[in-house]
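Observations on the three-dimensional arrangement
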Amino acid sequence: GNLYVIDYNSEQIIRFDGSTGTYLDIFTEYDDKPEGIPRSAFNPSGNVSMVFTPEDRLLIGRVGADPGSCCGPVQVLQFSASSGRFENVLVNSGLIESAGEATFGPEGDLYVASNSYVLAFDGPTGQFNTLIQTFSDNGSNGLAFSPGGHLYISTPERLLRYDPAADEVIDV
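Report follows, based on the coordinates. (Residues numbered from 1 in each chain as written. Predicted model: local features only at pLDDT ≥ 70, side-chain atom pairs only at ≥ 80, totals over all residues. Heavy atoms only, no water.)

Before going further, it helps to examine the sheet that holds strand β3 (residues 23-28). Strand order in this open sheet of 3 strands is β1-β2-β3, and the pairing throughout is antiparallel. Every other strand in the sheet has two partners, leaving β1 (3-7) and β3 as the edge strands with one partner each. Across this sheet, the average inter-strand angle for adjacent strands is 30 degrees, counted without regard to direction. Bridge count between β1 and strand β2 (residues 12-16): 5 bridges; the pairing is antiparallel. Looking at β2, one finds that Asp-7 is bridged to Gln-12. (Pairing = 2+ DSSP bridges. Helix = DSSP H or I, 4+ residues; strand = E, 2+ residues; numbered from the N terminus. Axes fitted to C-alpha atoms, helices over the stretch in contact; angles between N-to-C directions.)

Next comes the structure, spelled out in structure tokens:
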């Protein structure tokens, strides 16, 4: 696969050859977004998250409704992973106050770290379905699923394991 790098200053995603590291192209610049979505999908404080889906889509989570804002509602923008073309706003949620790490669960749901919570959204539709409280005043930094289906959540204070079947958070 290729390597995709977010360039915050130029508001672009740049693509490099995954084997050689050779520059390939500018994957997307967001010039073809519909009216109502600010040109800036990124902000200077770096509040952006990017993840590729199993269905060949690229999702970019950004904080704030205004370019350059550091906080506010999060939007998850959906792009074609093959062409870089903007498709739609998958999630436009006031539930998320800041976007951290994002990942997909084995069931296909999108999990987004936000302050002291992790929120899960239905992968295909973007509908909110689960709220996981991490009880961290400093936010959730990282998310990863184990082969057994448990979600590991890192916070500055500790590592947590979430069992989706039991809807239970456990300190590790």
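Picking up where we left off.
With that settled, the discussion passes to the packing of aromatic side chains. With the rule as written, the count across this model stands at 5 aromatic pairs. A ring pair is formed by Phe-16 and Tyr-23, whose centres lie 6.0 Å apart and whose planes are at 75 degrees; its orientation type is edge-to-face. Taking relative accessible area as the criterion, Phe-16 reaches 22% and is therefore assigned partly exposed. (Phe/Tyr/Trp six-rings, centres within 6.5 Å; stacked < 30°, edge-to-face > 60°. Buried < 20%, exposed > 50% of the residue type's maximum accessible area, 1.4 Å probe, protein only.)

In space, the 4 strands of this open sheet follow the order β8-β9-β10-β11, with antiparallel pairing throughout. Each edge of the open sheet carries a strand with a single partner, namely β8 (102-104) and β11 (128-133). Here the strands of the sheet are splayed against their neighbours by 20 degrees on average, with no regard to which way each runs. As defined by bridge partners, strand β10 (residues 117-121) adjoins β11 across 5 bridges and the pair is classed as antiparallel. Residue pairing in the sheet places Ala-120 in a bridge with Thr-130 of β11.

So, on to the pairing of β10. Of all 5 residues in β10, 4 are buried; the element is thus mostly enclosed. In this structure, strand β9 (residues 110-114) lies alongside β10, joined through 5 bridges in antiparallel fashion. Looking at the pairing, Val-112 lines up with Leu-119 of β10. As consecutive antiparallel partners, β9 and β10 are separated by 2 residues, and within that stretch Asn-115 has a phi angle of approximately 50 degrees, a positive value.

On to the pattern of salt bridges, then. Under the defined criterion, the tally for this structure stands at 1 salt bridge. Note that Arg-15 is salt-bridged to Asp-25, the shortest N-O span being 2.9 Å. Residue Arg-15 is located in strand β2, and its partner Asp-25 is located in strand β3; the two are separated by 10 residues in the primary sequence. (Salt bridge = Lys/Arg side-chain N within 4 Å of Asp/Glu carboxyl O.)

With that settled, consider the side chain of Asp-109. Within the element layout of this structure, Asp-109 appears in the loop between β8 and β9. Dropping the residues within four chain positions of it, Asp-109 is found in contact with Thr-103, Phe-104, Phe-121, Asp-122, Gly-123 and Asn-129. (Contact = heavy atoms within 4.5 Å.)

Looking now at a nonpolar patch on the surface. On the surface, Tyr-117, Phe-128 and Leu-131 cluster together into a nonpolar patch covering about 270 Å² of accessible area. In this fold, Tyr-117 is placed in strand β10. (Patch = residues over 30% accessible without salt bridge, like charges linked within 9 Å, V, L, I, M, F, W, Y side chains within 5 Å. Areas by Shrake-Rupley, 256 points an atom, 1.4 Å probe, with all protein chains shown as cover.)

It is worth spelling out the environment of Tyr-4 at this point. The topology assignment puts Tyr-4 in strand β1. With 12 residues separating them along the chain, Tyr-4 and Phe-16 place their C-alpha atoms 6.4 Å apart. Dropping the residues within four chain positions of it, Tyr-4 is found in contact with Ile-13, Ile-14, Arg-15, Phe-27, Met-50, Phe-52 and Ala-81.

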